[in-house]
Amino acid sequence: MHRLGSAPVPEPWSDDHLRGALGAPVVVQYADFECPFCAALHERLSGRRVQVLYRHFPVRSSHPRAWAAACASEAAASQGRFWEMHDLLYADQARLEDPHLWRRAQDLGLDLERFDHERRSDEVRARVRRDFESGVRAGVVTTPTLFALNRGEAQRVDTKTLDGLVP
Amino acid sequence: MISAGALAPEFTLKRGDGSDFTERDFDGQTTVLVFYPFAFSSVCTDQLNLYQEVLDELRARGATMYGVSCDASYSQTAFREQLGVTIEQLSDFEPKGEACRAFGVYHPGGFPQRALAIIGPDRVVKWTYQAPSPGDLPGVNLIFDALGE
């Protein structure tokens, strides 16, 4: 039985997805690939001096395609291409059905058979669910939700005040 | 809002099939009541969608969740079906808000406060929470805290 009671935002796991300039502020982002506000935030953070740590928070009845997209990104991650898939998913949220996911995997030069097997695997589902549950425990209720990570302490950041942290 | 430790009040809500849901339905199970202001409103939509994601974990802890609002059963059913959630809905439509008043969560604006209550199988209220405002969505972690994690 998974624990879902309150807990702080976990410190980075070894298989978390983190990118950005070393030494830049770290922002933990709970998001999903079908969420338009997440796509807008992705645009807003592009080119900023920030390290983004991306965690999945797909809520199926809100965004029915978000779970499959999250699993696709993790299948791409197992071939070393998470961020490329992440960017391609946010670039066109109108196309998130299976053929569109295969097309992106093909464009990235992924092993398609492996990609398709892994995105449906228990391991990938558990990986996405782990992120989701960590968000639930931290009190995340919607996407995107941001936390600034500083010396192991996570502090929630309002998107309106993000500019103060990430100029 | 009614306090933890109190015996659940007498009340009658309507299930989607028109049958009654009363305090007697608390017997023998742990019940989570989710009082929400309005079907189809944005925060209520987010709330039910999010809570739906953890229903299996709630069931694993022996808890059953119900949504409660003053909307008519037909509206609640349409809301639930549009979202694709399975959380059973209970209507406090007529006499409007009577059950919400009994739990102390009737907003003067004519709708339920956004509030949560856990009632034990002995009809004793185990835990309650009222959001600071109807626009605030309580994290579902609070429910799991209250269930004893």
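A brief structural summary. Note that the structure is a prediction, hence the values are computed from the model and not measured.

## Description of the overall build of chain A
Here comes step 1: Helix and strand content of chain A: seven helices and five strands.
Here comes step 2: Along its sequence from the N terminus, chain A presents helices and strands in the succession β-β-α-β-α-α-α-α-α-β-β-α.
Here comes step 3: Taking 167 residues into account, the globule formula puts the C-alpha radius of gyration at 15 Å, and chain A, at 15 Å, falls close to it.
Here comes step 4: Along the first, second and third principal axes, the C-alpha atoms of chain A reach 40 × 40 × 30 Å.
Here comes step 5: Across the 167 residues that make up chain A, the buried fraction comes to 40%.
Here comes step 6: Residue pairs in contact within chain A that sit at least 24 positions apart in sequence constitute 78% of those at least 6 positions apart.

## Looking at the overall build of chain B
Here comes step 1: A tally of regular secondary structure across chain B gives five helices and nine strands.
Here comes step 2: For 149 residues, the compact-globule formula gives about 15 Å, and the C-alpha radius of gyration of chain B, at 14 Å, lands near that figure.
Here comes step 3: Within chain B, buried positions represent 39% of all 149 residues.
Here comes step 4: At a minimum sequence separation of 6, the contacts of chain B that also span at least 24 residues come to 64%.

## A word on the interface of chain B and chain A
Here comes step 1: The interface of chain B with chain A comprises 18 residues on the first partner and 15 residues on the second.
Here comes step 2: Elements that contribute at least two residues to the side of chain B that touches chain A include exactly α1 (42-52), α2 (55-60) and α5 (141-146) of chain B.
Here comes step 3: Looking at the side of chain B that touches chain A, the element that brings in the most residues is α1(B), giving four residues.
Here comes step 4: Per-class residue counts for the side of chain B that touches chain A are eight nonpolar, five polar and five charged.

## Structural notes on unusual backbone geometry
Here comes step 1: The omega angle of the peptide bond from T143(A) to P144(A) is -10°, so this bond is cis rather than trans.
Here comes step 2: For P144(A), the location among the structural elements is in the loop between α6 (122-137) and β4 (145-150).
Here comes step 3: That bond from E94(B) to P95(B) is cis: its omega, -5°, falls within 30 degrees of zero.
Here comes step 4: Position of P95(B) among the secondary structure elements: in the loop between β5 (88-91) and α4 (98-103).
Here comes step 5: The phi torsion at F40(B) lies on the positive side, around 75°, for a residue other than glycine.
Here comes step 6: Here F40(B) lies in the loop between β3 (30-35) and α1.

## Section: the pairing of strand β3 (residues 51-56) of chain A
Residue and element names in this part refer to chain A.
Here comes step 1: By the criterion of burial, β3 is predominantly enclosed, with five of the six residues buried.
Here comes step 2: Sheet topology places strand β1 (residues 17-19) next to β3; three bridges connect them, and they run antiparallel. Across the sheet, residue H17 finds its bridge partner in β3, namely Y54.
Here comes step 3: This β-α-β element, strand β2 (residues 26-31) to helix α1 (residues 36-45) to β3, shows right-handed connectivity.

## Focus: α6(A)
Here comes step 1: Taking 1.5 Å per residue, 16 residues should reach 22 Å; α6(A) reaches 22 Å between its end C-alpha atoms and fits that length.
Here comes step 2: Residues of α6(A) that are buried: V124(A), V128(A), D131(A), F132(A), S134(A), G135(A), V136(A) and R137(A).
Here comes step 3: Against the buried residues of α6(A) lie β2, β3, α2 (66-77), α5 (112-119) and β4 of chain A together with α5 of chain B.
Here comes step 4: Two residues or fewer after α6(A) comes G139(A), characterised by a positive phi angle close to 90°.

## Brief notes about the packing of α2(A) against α6(A)
Residues and elements named next belong to chain A.
Here comes step 1: Packing of α2 against α6 leaves a shortest axis separation of 9 Å and a crossing angle of 110°. The angle between α2 and α6 places the two elements in the roughly perpendicular class. As for how α2 packs across α6, the hand of that crossing is right-handed. Contact with α2, carried on its side by W67, A70, C71, E74 and A75, involves V124, R125, R127 and V128 of α6 and no other residues of that element.
Here comes step 2: Residue classes in the contact of α2 with α6 are distributed as six nonpolar, no polar and three charged.

Rules behind the numbers
- Residues numbered from 1 in each chain as written.
- Chains lettered and ligands numbered in written order.
- Predicted model: local features only at pLDDT ≥ 70, side-chain atom pairs only at ≥ 80, totals over all residues.
- Helix = DSSP H or I, 4+ residues; strand = E, 2+ residues; numbered from the N terminus.
- Rg over C-alpha atoms; globule rule 2.2 N^0.38 Å.
- Buried ≥ 20, exposed ≤ 12 C-beta atoms within 10 Å, placed from the backbone.
- Contact = placed C-beta atoms within 7 Å.
- Nonpolar A, V, L, I, M, F, W, Y, C, P; charged D, E, K, R; others polar.
- Pairing = 2+ DSSP bridges.
- Right-handed = clockwise from strand over helix to strand, strands pointing away.
- Expected span 1.5 Å × (residues − 1).
- Axes fitted to C-alpha atoms, helices over the stretch in contact; angles between N-to-C directions.
- Parallel < 35°, antiparallel > 145°, perpendicular 65-115°, else oblique.
- Left-handed = near helix turned anticlockwise from the far one by under 90°.

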